[in-house]
Amino acid sequence: MRHLLRTTRQNLYAAHVTAQYATFAVVLLSALLLLATSFTTQANTTNNPAPNSPEFSGTEPTELSVKFLKDIAPILDKQGCSTGMCHGKFGGQGGLNLSLLTLNPELDYEPIVHHNRGRRINLLEPDQSLFFLKPTGQVPHEGGLRFDPNSADGLKILQWIEAGAPFSDDEPRLRKLEIEPSTFVLSDVGQTAQLKVLAHFSDGSVEDVTAKAVYESKDAPVAEVSHNGEVTSVRWGGTAIIARFLGVVDAAFVTIPRNAETDPVSEAEAFTPNNFIDEFVLAKLEKLNIRPSALTTDATFMRRVYLDTTGRLPTPDEVKAFLEDKSPDKRSNLIDMLLDTPAWVNLRTLKLADMLRIHPRTLGNGNFGERGATLFHEWVHEAVTTNRPYDTFVRELITARGSTYQHGPANYYRIERQAAGRAETTAQVFLGIRLSCARCHKHPFDQWTTDDYWNFAAFTGKLRTQGGELYQEQVISYDPNGRVRNQSVEGNRGQIAQPTFLGGESLSPNSQDDILHVLADWMTSATNPYFAKATVNRIWSHYFGRGIVDPVDDMRATTPPSVEGLLEALADAFVQSGFDTKHVIRLILNSRTYQLSAAPNETNQLDDRFFSRFYPRPLMAQILLDVVNDVTGTTEKYGRFPIGTRSVELPLPVSSRFLSLYGRSGREFLGDLDPKLEPTLTQALYMINSRDVHQKLRKSDGVLTRLLKAKRNNRELITELYLITLSRFPTDSELETAKTYLAESPKRRAGSEDLLWALISSREFIFVQ
């Protein structure tokens, strides 16, 4: 019995050893075959003529007909294998780490073929390769079934493995992606159109990759796109359809006209353009079969333009005078007058300070940070006061040097202290380009690569910050030997980045020029493809609540402008004016588009981007607090600033519950440049229950006390309160309702406080309309 057991153990051990050696042999043979295939592929690439060469005849061998870049890598993106939730996330999944969304397909070959050799790619038994078995659901796979083993994708992967899983460095690279048609119209809801996607490769070949590309609609409620590029209209409007293939993107723009029951053309003729802005907007609206809203009333226009230019409300006397004025150009005259006031300078300075993130906490500690921020703010204020050309303004910022305690714009380079952060800020603020994604990987929806990011950062890598003679003083100076290393997680990581313009050429490594001056000249050039457009787009958003391209700091090629041609026309006018921002603002304010009513008609109720009507928006926090103080006759005390200082005038951010609650810009992150103008429940509760608001209404020497003494009857009192708060006369219904309420109130003072509180709590007061 013991002999039998011993013999059995020996046989099992021998079988186990034999199995181990067999497995080792399979892995070894697989690796050798893979190596031999690699050499063979390279030899064939070197020795065989190209298919389109005169020497070539016949058909390519079957085993070479499947290319990794053209055929295999697109499957990884199309089937969702390289998404951020799967193998494309940082660190990968299940031992396989792919580039996010196959943005760098060349880098995906190594982890697929050479990691986990013999199992992921099994050259001896291709159909036992995990790279084939897992996505086809033949073995457990966390990602589930991606495609059938007998599908085109499954058979293609199997064919590629059978051919030795080849990849050659000289496989043609994708150079350009093109969608046909680039623009098209779907005339009715439910209508479809098939897109065609063409890939242009480095060897001159062009391939139809419609079935291989990945598609996305920028606005699915307007138009949907199928897995294979068929677009279906859902409702009227316009949007972009994005196609992605091997990390390159392109977009087609679809317009879906409103199905008009009546011809809107005759009604649209009442829209008489004031300038070229209106001509572009009207052309777009006619294409969509949308009728613009009517011209807004004089009273509404006056309140709107006062708040948008000065952050103030017109006085009752100013309202009455404007309404009585019969001059046909009174609106234009009012705009000219407001743009020449100190209040306009203060509001424009506030918006630029938000954009530049001027805040003491980023510029030093305590009083030292406040000194730098104050100097920076004063420099911006002086530039606005003198209407300094914007190209000069930006050039002075980019080339700023010297002490941050003595030279205001030098503080621009203290807000972000690393070359990478400075590059991101410069691109986003002045060029309308978000580079942050490209810091680590290629931007998934734009053209920017990690090399673009770090090569642009190399410009500001030529700056150094040193201590000055004063305590905590910082001095910005030029360092010709400054270097920036590529710190991406892939590609050229660790290499010295060469200063390169975005979408342009690299500077010579031997250049002796001050490259910050070279950068400033390129940025502010009349021919720069980004600068003028980004500037006028941001200005436009200040007066309409959204950009022509939106978001204003993410003007990628795949984001369509809401009105074709308008951005280019405004940019041209900006350049021709000598980069005069006030000229652009005057054009915008004088346009009929800006002066349209906010009330929708039956054709434009769903319009949120084509400017067929004015879009109401909440007041900036600083403006709201100032006008609440104005209509109640109260003031604020902001830190060490004098009593009566308006919030809009403050050179530094101050502690204020009201300003924080109503969404002022935090000035801390690039994503926090603009104020948050979304109304919240907390804001409503504050206006209803706040002790601060109650005290303003009850102030003994406030506006209400003065009016109660001056106005003998309730009609005069009510009318004056409407003029003070809403810049208009009350309607007959409003007047009778208010008169009844005051008459029934136990005390005239208490009833008047309630009426004023109701007015400043109303949407009409809190919003620009």
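Residues numbered from 1 in each chain as written. Predicted model: local features only at pLDDT ≥ 70, side-chain atom pairs only at ≥ 80, totals over all residues. Heavy atoms only, no water.

Quick look at the sheet that holds strand 7 (residues 223–225)
Reading across from one edge, 3-8-7 is the order of the three strands in this open sheet, with antiparallel pairing throughout. Each end of this open sheet is capped by a strand with a single partner; those strands are strand 3 (192–194) and strand 7. When strand polarity is set aside, the average angle formed by the axes of neighbouring strands in this sheet is 20 degrees. Bridge count for strand 3 against strand 8 (residues 230–233) is three bridges, and the pairing is antiparallel. Bridge pairing in strand 8 links Gln194 to Glu230. (Pairing = 2+ DSSP bridges. Helix = DSSP H or I, 4+ residues; strand = E, 2+ residues; numbered from the N terminus. Axes fitted to C-alpha atoms, helices over the stretch in contact; angles between N-to-C directions.)

Structural notes on the packing of aromatic side chains
Considering all chains together, one arrives at 34 aromatic pairs under this definition. Centre to centre, the rings of Trp448 and Tyr530 are 6.2 Å apart; their planes meet at 70 degrees, and the pair counts as edge-to-face. Of this pair, Trp448 sits in the loop between helix 15 (419–431) and helix 16 (450–460) while Tyr530 sits in the loop between helix 17 (515–523) and helix 18 (531–544), and the two are 82 residues apart along the sequence. In this structure Trp448 comes out as buried when scored by relative accessible area, which is 2%. Both rings, one in Phe544 and one in Tyr594, keep their centres 6.0 Å apart while their planes meet at 85 degrees; by these two values the pair is edge-to-face. With Phe544 in helix 18 and Tyr594 in the loop between helix 20 (581–590) and strand 14 (617–618), this pair connects stretches of sequence that are 50 residues apart. Its relative accessible area of 2% is what places Phe544 among the buried residues. A relative accessible area of 0% places Tyr594 in the buried class. Among the aromatic residues, ring-to-ring pairing joins Phe376, Trp379, Tyr390, Phe393, Phe531, Phe574 and Phe579 into one connected group. Here the guanidinium or amino end of Arg304 rests over the ring plane of Phe614, the centre of that ring lying 3.6 Å away. Against the face of Tyr543 rests Lys351, its NZ or CZ located 5.2 Å from the ring centre. (Phe/Tyr/Trp six-rings, centres within 6.5 Å; stacked < 30°, edge-to-face > 60°. Buried < 20%, exposed > 50% of the residue type's maximum accessible area, 1.4 Å probe, protein only. Lys NZ or Arg CZ within 6 Å of the ring centre and 35° of its normal.)

Let's talk about the layout of surface pockets
Estimates place the volume of the largest pocket at around 880 Å³. Contributions of two or more residues to the lining of the largest pocket are made by helix 8 (298–310), helix 11 (342–356), helix 18, strand 14 and strand 15 (767–768). Taken together, the residues that form the lining of the largest pocket break down as 19 nonpolar, five polar and 13 charged. (1 Å grid on protein atoms, 1.4 Å probe; cavity = no way out; pocket = protein on both sides within 12 Å on 5 of 7 lines; lining within 4 Å. Points joined across faces, edges and corners; volume = space filled by probe spheres on them. Nonpolar A, V, L, I, M, F, W, Y, C, P; charged D, E, K, R; others polar.)

A few points about unusual backbone geometry
Note that the residue after Glu180, namely Pro181, is joined by a cis bond; omega there is -5 degrees. Within the secondary structure, Pro181 sits in the loop between strand 1 (174–180) and strand 2 (183–185). Across the junction of Asp550 and Pro551, the peptide omega takes the value 5 degrees, indicating a cis bond. Looking at the element boundaries, Pro551 is found in the loop between helix 18 and helix 19 (566–576). Residues other than glycine seldom take positive phi values, yet Leu101 does so here, at roughly 55 degrees. You can see Leu101 is positioned in the loop between helix 2 (68–78) and helix 3 (109–113). In this structure Leu101 comes out as buried when scored by relative accessible area, which is 14%. The phi angle at Arg667 is positive, at roughly 55 degrees, despite the residue not being glycine. By the secondary structure assignment, Arg667 is in the loop between helix 22 (657–661) and helix 23 (681–689). By relative accessible area, Arg667 is classed as buried at 5%.

Examining helix 23
Along helix 23, the residues that are buried comprise Gln683, Tyr686 and Met687. With its buried residues spanning 95 degrees around the axis, helix 23 presents them on a single face. Exposed and facing more than 90 degrees away from the buried side of helix 23 are Leu681 and Asn689. (Arc of directions from axis to C-beta.)

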